[in-house]
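Summary of the model geometry
The chain contents come next:
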Amino acid sequence: MFRAYGTAPVEVPDVIYPWNTPIFNKGYVNCNTNPIQSLTQIHAKSPYFPGLDDQTGLMEEPTGQIVEVHQTQSPSRNPPHTQVSESGERYSRKVFVGGLPPDIDEDEITASFRRFGPLVVDWPHKAESKSYFPPKGYAFLLFQDESSVQQLIDACIQDEDKLYLCVSSPTIKDKPVQIRPWRLSDADFVLDASMPLDPRKTVFVGGVPRPLKAIELAMIMDRLYGGVCYAGIDTDPELKYPKGAGRVAFSNQQSYIAAISARFVQLQHGDIDKRVEVKPYVLDDQMCDECQGQRCGGKFAPFFCANVTCLQYYCEHCWATIHSRPGREFHKPLVKEGADRPRALPFRWC
C-alpha cells in the first residue's frame, strides 16, 4: 500500500487506508436492503465495511493507562445486556484484562483464567520483549472458544457498566482486575437507516480507542458535524476484536467535507479522551472522474486527491493535466495498489 506526495511514493502500513473493502469492490450498495436488518443478521462481519486484514500485529492499547480498580459496597453479578448473532456468538474471543498485579507473570495469568477454557495470554510486543510479565499491567486473553468468554463474564462482578474479577499473584491476594470483553454487535451502528451508504461521503478514522463502540463514534461525529448515517469499528477477521480504526458515513457532502477538513477529531466519551485522525475513505477500483478511462485504457484510477477543491479520482494523465493548473500544483495525491487492473463492471452507486 502506498501514499505518495508528488512523485515519490512512500510505503505505509495497510491499516492506514482501507482500500480493499469487499462491499465497495462490488461497486454498488443494495438500496433495497434495510441496513438494520442486515446488521442484525450478522454482527461479526459488517455488511458494509468488513474488517481489514491485520498486518500490524498487536497494538498497544490506545488509552495508554490502566485505572486502579476499587471495589464498591454493592457490586452486581449480572452481566451486561447482550444481543446474539445468528451464529450464536456474542463476543470476540479476545478479551482485555487491565489492572493486573505488577508481579504476575504469563503462567500465573493463564492459571487464573484457565478454568474458563483453553486460552493464550498475549500483550503488545510480547515476542520482541521476551518478557514473562505484562509491562503495563494489562494483557489480552485469547480464548479458543467463544463460550469461554460467556463463562468469564458470568463469573465477574459488575460495577455500573464495568466488569471485575479477583486475581492473585505471589504477593497480592484477590486483586480486582478489569475484564473488558468486546460485544460483536457494537461494531456497527446505523443512525439513519433511510439513507444509502455512499463511500464518497465516508471518512476513515484512525487511532480509535478500542473500548469505543460504533454507536458512540456515530454520536460524537454527528454532534460535531451532523449528517451521520452509519459508523463502524474495524475488527480483525479471526478474533473479531477492534483494531483501532473506524469508518463514518455521512448523508451529505457538507458534513463530509467538514470532517475531512478538520483532519483531527477529539473523541470524548466517558473515560475516553483522545485525538484521532480523519481521512477520506479511498476506494481501489474507481475510474478516473475526468476521462472515465478513455485516456488510460480503461484502467482503475491510481490517484485520489483529498483536497476539498478536488475530491476526485484521477489517472496519471488527468492528474498531470488538472494539477498543472495554478492553485492545484501543490495538491498531494494518495496512491493505491491495484490501479492497473481493468474495470470489469460499471458502478451503480445509489
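Residues numbered from 1 in each chain as written. Predicted model: local features only at pLDDT ≥ 70, side-chain atom pairs only at ≥ 80, totals over all residues. Heavy atoms only, no water.

Right, let's talk about the overall build of the chain for a bit. Across its full length, the chain carries eight helices and 17 strands. Scored against the burial criterion, the 350 residues of the chain give a buried share of 48%. Within the chain, contacts between residues at least 6 apart in sequence are counted, and of these 70% link residues at least 24 apart. When the accessible surface of the chain is split by element, carbon and sulfur atoms take 50% of a total near 17,100 Å². (Helix = DSSP H or I, 4+ residues; strand = E, 2+ residues; numbered from the N terminus. Buried < 20%, exposed > 50% of the residue type's maximum accessible area, 1.4 Å probe, protein only. Contact = heavy atoms within 4.5 Å. Areas by Shrake-Rupley, 256 points an atom, 1.4 Å probe, with all protein chains shown as cover.)

Turning to the packing of aromatic side chains, a few remarks are in order. This model, assessed by the stated rule, comprises eight aromatic pairs. Ring centres of Tyr-138 and Phe-140 lie 6.2 Å apart, and the angle between their planes is 85°; this geometry places the pair in the edge-to-face category. The burial state of Tyr-138 is the same as that of Phe-140; both residues are buried. Here a set of aromatic residues connected by ring pairs shows up, and it is made of Phe-96, Tyr-138, Phe-140 and Tyr-241. Above the plane of the ring of Phe-140 lies Lys-94, whose end atom (NZ or CZ) is 4.4 Å from the centre. (Phe/Tyr/Trp six-rings, centres within 6.5 Å; stacked < 30°, edge-to-face > 60°. Lys NZ or Arg CZ within 6 Å of the ring centre and 35° of its normal.)

Quick look at the sheet that holds strand β6 (residues 157-159) now. With antiparallel pairing, six strands are arranged side by side in an open sheet as β4-β5-β3-β8-β7-β6. Each edge of the sheet is formed by a strand with only one pairing partner; in this case those strands are β4 (119-122) and β6. Taking each pair of neighbouring strands and ignoring which way they run, the sheet shows an average axis angle of 35°. Summarising the sheet, β6 and strand β7 (residues 162-167) pair through three bridges and their orientation is antiparallel. (Pairing = 2+ DSSP bridges. Axes fitted to C-alpha atoms, helices over the stretch in contact; angles between N-to-C directions.)

Note on helix geometry: an α-helix contains 3.6 residues per turn, so any two residues three or four positions apart are oriented the same way. Within helix α3 (residues 106-113), the full set of buried residues consists of Glu-106, Ile-109, Thr-110, Ser-112 and Phe-113. One face of α3 carries all of its buried residues, which in axial projection span an arc of 160°. Regarding α3, its N-cap is Asp-105, as a side-chain oxygen of that residue lies 3.2 Å from the backbone nitrogen of Asp-107 further along. (Arc of directions from axis to C-beta. Polar contact = N/O pair within 3.5 Å; in protein donor to acceptor, adjacent residues only side chain to side chain.)

So, about the pattern of salt bridges. Within this structure, the stated rule accounts for nine salt bridges. For Asp-186, the salt bridge identified is with Arg-183, shortest N-O distance 3.2 Å. For Asp-186, a relative accessible area of 11% translates into the label buried. Here Arg-183 falls in the buried class, since its relative accessible area comes to 18%. Here Arg-263 ties to Glu-277 by a salt bridge, and the two come within 3.9 Å at their closest N and O atoms. Of this pair, Arg-263 sits in the loop between α7 (253-262) and β13 (264-269) while Glu-277 sits in strand β14 (residues 272-280), placing them 14 residues apart in sequence. Salt bridges linked by common partners bring Arg-263, Glu-277 and Lys-279 together as one network. (Salt bridge = Lys/Arg side-chain N within 4 Å of Asp/Glu carboxyl O.)

A word on the confidence of the model for the chain. For the chain, the average pLDDT comes to 75, and 71% of its residues sit at 70 or higher. Residue range residues 1-86 is modelled with pLDDT below 50. Its contacts to residues more than four positions away, or to other chains, number 198 contacts. Overall, residues 337-350 carries pLDDT values under 50, and its contacts beyond four positions in sequence, including any with other chains, amount to 37 contacts. (pLDDT = per-residue confidence, 0-100.)

Below, the discussion takes up α7. Taken together, the buried positions of α7 are Ser-255, Tyr-256, Ala-259 and Ile-260. When α7 is viewed along its axis, its buried side chains cluster within an angular range of 125° and face the same direction. Looking at the buried positions of α7, the neighbouring elements they touch are β10 (202-206), α6 (214-225), β12 (242-250), β14 and β15 (303-305). Backbone nitrogen of Gln-254 and a side-chain oxygen of the N-cap are separated by 3.2 Å at the start of α7; the cap is Asn-252. Residue Arg-263 follows α7 closely and has a positive phi angle near 70°.

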